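Read off the chains here:
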Amino acid sequence: MKIHEYQAKEIFRKYKIPTSNEKAAASLSEAKSAMQELSYPVVVKAQVLVGGRGKAGGVKLVKNEAELTSAVNSILGMNIKGLIVNKLLIAEALKLESEYYVGITIDREKQTPVLIASASGGVDIEQVAQQTPEKILSVSISPLLGLKSFQARNLGYQIFNDTTLVNSFVSFAASLSQIFFDLDCSLVEINPLVLTENKLVAVDAKIVFDDNALYRHPDIAQLRDLSSEEPSEVQAKKADLSYVKLDGNVGCVVNGAGLAMATMDLIKRYGGEPANFLDIGGSSSPDKMREAMRIITADKNVKAILVNIFGGITRCDDVAQGLLWALKEEHISLPIIARLVGTNQDKARTMLENSPITFAKTMTEGVKQTIAALKG
Ligand code: GDP
Ligand code: MN
């Protein structure tokens with residue numbers, strides 16, 4: 001789960017990370033009243049759950065009320081990468097002497113969290129990482145011992161030539177690490193970390209929480225901004241389905257995350273592009289299956305659907321029942337290919353005998369049939 005910059009900065013301040021003086025606002029009048037506690041120049045920043053706001057015109061420096069008004073009017077309602085801006089952050093502008101990067105995330109190859117830092121922070125960090133990866137420094141964090149200050153100090157000395165700044169960097173890293181572990185994050189990031197008047201300040205803040213650990217943090221869970229998330233993913237979450245929307249045209253309904261990944265791999269292998277990841281889970285019910293079909297058919301990119309079920313606790317007849325309901329209620333005209341094996345497979349087959357569904361014996365066959373159906 002992602003949260004907005006203004007929410008992440010509130011968490012930062014609780015952990016003693018210095019930020020700029022700032023206030024969130026959802027309208028021009030709120031922005032103007034925020035100015036009673038702030039002084040010009042300020043930066044008006046779009047609050048959307050996506051990076052690259054600066055480049056998209058969602059971050060503007062303003063020096064007076066007239067400029068504030070036009071910045072607020074242009075940014076509120078702006079569409080940034082498909083998300084509509086309905087909240088702003090008004091932050092006292094700082095003089096940026098240098099922009100750095102610091103963050104903690106999980107390195108899948110090293111299988112540990114890593115502290116990452118760079119002297120080349122700012123809006124071009126992705127480019128820096130691609131073109132000059134040697135400018136990105138990192139160190140593994142032991143999941144048992146946590147981040148040790150010598151590790152942060154070691155990185156700090158490669159970035160700053162001033163001991164005071166190194167010390168300050170070490171405390172930034174320590175606070176980030178505390179947030180990362182306390183709140184079960186998958187990413188905590190400051191970009192840019194800014195040098196201004198000989199001090200380091202967090203000018204941006206990004207936190208991503210591990211959804212599976214949210215039950216341990218009810219206060220964090222309620223920060224979720226459903227209006228800023230992909231609507232189909234919100235609908236799926238309500239139905240207890242693991243769903244991630246993708247850009248392809250093959251809809252997949254699968255039980256189990258591993259089988260779902262393998263199905264997507266195989267679709268790609270035979271030249272298709274999955275439209276989604278969808279795991280209906282182990283203990284499925286006809287309702288879940290129906291909901292899965294609703295979500296998938298609502299995606300207008302989908303041109304064929306592959307249902308790949310390996311029935312254990314999941315019963316194939318439950319899946320068949322859900323499919324029948326969906327076919328009846330949603331008037332689905334897309335080709336549907338089903339590979340249903342395991343518990344109650346024969347019963348499922350009988351139930352679906354008179355439906356337009358094509359059966360496949362194996363997963364590979366199912367994938368090939370689906371790709372063929374795409375081509376008409
Ligand atoms: P992002 O583009 O979504 O990552 O948004 P950021 O919050 O990182 O802002 C993008 C860029 O705007 C930063 O890298 C800075 O160059 C600039 N910026 C943000 N806040 C300030 C500020 O207070 N003063 C100045 N001069 N520039 C700022
Ligand atoms: Mn940023």
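Scoring rules and cut-offs
Residues numbered from 1 in each chain as written. Chains lettered and ligands numbered in written order. Predicted model: local features only at pLDDT ≥ 70, side-chain atom pairs only at ≥ 80, totals over all residues. Heavy atoms only, no water. Donors = N, O, S within 2.8 Å, 3.2 Å for Na, K, Ca; no water. Helix = DSSP H or I, 4+ residues; strand = E, 2+ residues; numbered from the N terminus. Buried < 20%, exposed > 50% of the residue type's maximum accessible area, 1.4 Å probe, protein only. Phe/Tyr/Trp six-rings, centres within 6.5 Å; stacked < 30°, edge-to-face > 60°. Lys NZ or Arg CZ within 6 Å of the ring centre and 35° of its normal. Domains from an automatic or database assignment. Near = heavy atom within 4 Å. Polar contact = N/O pair within 3.5 Å; in protein donor to acceptor, adjacent residues only side chain to side chain. Areas by Shrake-Rupley, 256 points an atom, 1.4 Å probe, with all protein chains shown as cover. 1 Å grid on protein atoms, 1.4 Å probe; cavity = no way out; pocket = protein on both sides within 12 Å on 5 of 7 lines; lining within 4 Å. Sits in = over half its atoms within 2 Å of the grid points. Nonpolar A, V, L, I, M, F, W, Y, C, P; charged D, E, K, R; others polar. Pairing = 2+ DSSP bridges. Points joined across faces, edges and corners; volume = space filled by probe spheres on them. Axes fitted to C-alpha atoms, helices over the stretch in contact; angles between N-to-C directions. Parallel < 35°, antiparallel > 145°, perpendicular 65-115°, else oblique. Left-handed = near helix turned anticlockwise from the far one by under 90°. Contact = heavy atoms within 4.5 Å. Core = buried A, V, L, I, M, F, W, Y, C linked by side-chain atoms within 4.5 Å.

**Student:** Teacher, can you tell me more about the coordination of the manganese ion (ligand 2) here?
**Tutor:** In ideal tetrahedral geometry, four donors around a metal make angles of 109.5 degrees, whereas ideal octahedral geometry with six donors gives angles of 90 or 180 degrees. Ligation of the manganese ion (ligand 2) by protein atoms is provided by Asn191 (O) and Asp204 (OD), these donors lying 2.2 to 2.3 Å from the ion. Of this pair, Asn191 sits in strand β10 (residues 185–196) while Asp204 sits in the loop between β11 (199–202) and β12 (206–209), placing them 13 residues apart in sequence. Of the two residues, Asn191 and Asp204, neither departs from the other in class, the shared state being buried.

**Student:** How do you make sense of the packing of aromatic side chains when you look at a structure like this?
**Tutor:** Scanning the entire structure with this criterion turns up three aromatic pairs. Measuring from ring centre to ring centre gives 5.3 Å for Phe180 and Phe181, while their planes differ by 80°; the resulting arrangement is edge-to-face. Of the aromatic side chains, those joined through ring pairs into one cluster are Tyr100, Phe160 and Phe169. Above the plane of the ring of Phe359 lies Arg349, whose end atom (NZ or CZ) is 4.3 Å from the centre.

**Student:** Looking at this structure, I do not really get the domain arrangement of the protein chain. What am I missing?
**Tutor:** The parts lose accessible area when they come together, and the size of an interface is often stated as this lost area. The assigned domain composition of the protein chain is domain 1 (21–92), domain 2 (98–221) and domain 3 (230–375). For domain 2 and domain 3, the distance between their C-alpha centres works out to 40 Å.

**Student:** Teacher, can you tell me more about the site of ligand 1 here?
**Tutor:** Close to ligand 1 lie 15 residues, the nearest being Lys45, Arg53, Gly54, Leu94 and Glu99. Asn191 has a polar backbone atom sitting 3.1 Å from an oxygen atom of ligand 1. Bound to the protein, ligand 1 loses 81% of the 570 Å² it would expose on its own. Here ligand 1 occupies the largest pocket. Counting only elements with at least two residues in the shell around ligand 1, the list comes to β2 (42–46) and β10. Taken together, the residues of the shell around ligand 1 sort by class into eight nonpolar, three polar and four charged.

**Student:** Can you help me understand the pairing of β2 in this one?
**Tutor:** Put simply, side chains in a regular strand alternate between the two faces of the sheet. Within β2, five of the five residues are buried, leaving the element largely enclosed by the surrounding structure. With burial as the criterion, each face of β2 is covered, one bearing Val42, Val44 and Ala46 and the other bearing Val43 and Lys45. When β2 meets strand β3 (residues 59–62), the two strands line up antiparallel, connected through four bridges. Bridge pairing links Val44 to Lys60 in β3. Bridging between β2 and strand β6 (residues 88–92) involves five bridges; their strand directions are antiparallel. When the bridges of β6 are listed, Lys45 appears paired with Leu89.

**Student:** Please explain the layout of surface pockets as it appears in this structure.
**Tutor:** Rolling a probe over the atoms, with the probe sized like a water molecule, indicates the empty space that remains. One number sums up the size of the largest pocket: a volume of about 1200 Å³. As for the largest pocket, its lining consists of 50 residues, of which Gly52, Gly122, Glu189, Asn191 and Asp204 are closest to the centre. For the lining of the largest pocket, the secondary-structure elements that each account for two or more residues are α1 (5–14), β2, β3, β6, β7 (98–107), α4 (125–131), β10 and β12. Partitioned by chemical class, the residues of the lining of the largest pocket number 24 nonpolar, eleven polar and 15 charged. No fewer than three residues from each of domain 1 (21–92) and domain 2 (98–221) sit in the lining of the largest pocket. In this structure, the second largest pocket occupies an estimated 1000 Å³ of space.

**Student:** Is there a simple way to explain the sheet that holds β2 in this structure?
**Tutor:** Neighbouring strands of a sheet are bound in pairs by backbone hydrogen bonds; such pairs are parallel or else antiparallel. Strand order in this open sheet of four strands is β1-β6-β2-β3, and the pairing throughout is antiparallel. Across the chains shown, the open sheet's two edge strands, defined by having one partner strand only, are β1 (22–25) and β3. Neighbour-to-neighbour, the strand axes of the sheet open up by a mean angle of 20°, direction not taken into account.

**Student:** When you look at the packing of helix α5 (residues 149–159) against helix α6 (residues 163–182) in this model, what are you seeing that I'm missing?
**Tutor:** The packing of two helices is summarised by the inter-axis angle and the distance between the axes. Close contact between α5 and α6 brings their axes to 9 Å; oriented N to C, the two are set at 135°. Between α5 and α6, the angle falls in the class oblique. For the crossing formed where α5 meets α6, the hand is right-handed. Where α5 approaches α6, its residues Ser149, Ala152, Arg153, Leu155, Gly156 and Tyr157 are matched on the opposing element by Thr163, Val166, Asn167, Phe169, Val170 and Ala173. When its residues are assigned to classes, the contact of α5 with α6 shows seven nonpolar, four polar and one charged.

**Student:** I would appreciate a short explanation of the nonpolar core in the present structure.
**Tutor:** A general trend in soluble globular proteins is that nonpolar side chains are found buried together. Counting 42 residues, the largest nonpolar core has Phe12, Leu115, Ile179, Ile207 and Phe209 as its most contacted members. Element by element, the count of residues in this core is highest for α6, at nine residues. If we ignore the near neighbours within four places in the chain, the residues touching Ile179 are Ile11, Phe12, Tyr15, Ile17, Asp184, Cys185, Val188 and Ile207. Within the second largest apolar cluster, 31 residues are counted, among which are Ala275, Ile280, Ala292 and Leu323.

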